[in-house]
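# Structural overview
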Amino acid sequence: MRTFDLAPLYRSAIGFDRLAQLLNEQRADAQPSYPPYNIELVSEDKYRIVMALAGFSRAEIDIITERDSLHVTGRKQKDGVERTFLHRGIAARDFEQRFQLANHVKVTGATFENGMLTIDLVREVPEALKPRKIEIADGADAHVSVLEQRQAA
């Protein structure tokens, strides 16, 4: 049984609609196993996706970021040569791989070398959303500043 009852989440948490949607989509869509890929944590806020794309050229691969998702698509061009394979272990077929990105994760670059596609990502949290320390004022000082503000008005 692989169903989730998200009703308690909806009753007590505000703004987690996206999380529930992700869980539902993940359950409905089985992730394709082709092409093989790795997701690496390079440092605290840096990630790397490495995909093995044997038989593809740089021109046959598209990388598109749209809002909070990353789409990697490969469209193999037909060379027009008829071949008879005794064994076919290199798939070299069209593919579309989607990755859901967390808030503030951006693609910084991509390289393709020796059949390996490397996509670098970084999490850039805006200054306004980073934790900040609040200074605690002395109780007497706080009352004085409120009285000064009232007198000024």
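In what follows, the structure referred to is the one given above.
This text gives an overview of the structure that appears in the document. (Residues numbered from 1 in each chain as written. Predicted model: local features only at pLDDT ≥ 70, side-chain atom pairs only at ≥ 80, totals over all residues. Heavy atoms only, no water.)

We now examine the environment of Gln-77. Within the secondary structure, Gln-77 is located in the loop between β4 (69-74) and β5 (95-100). Judged by relative accessible area, which is 56%, Gln-77 ranks as exposed. Note: C-alpha distance between Gln-77 and Glu-60 (17 residues apart in sequence) is 7.1 Å. (Helix = DSSP H or I, 4+ residues; strand = E, 2+ residues; numbered from the N terminus. Buried < 20%, exposed > 50% of the residue type's maximum accessible area, 1.4 Å probe, protein only.)

Another aspect to go through is the pattern of salt bridges. Scanning all chains against the criterion turns up six salt bridges. The salt bridge partner of Glu-96 is Arg-75, with a shortest N-O separation of 3.8 Å. One end of the pair, Glu-96, is in strand β5; the other, Arg-75, is in the loop between β4 and β5, with 21 residues separating them in the sequence. Residue classification places Glu-96 among the partly exposed positions, given a relative accessible area of 36%. For Arg-75, a relative accessible area of 41% gives the class partly exposed. Among the charged side chains, a network of salt bridges with common partners joins Glu-40, Arg-48 and Asp-120. (Salt bridge = Lys/Arg side-chain N within 4 Å of Asp/Glu carboxyl O.)

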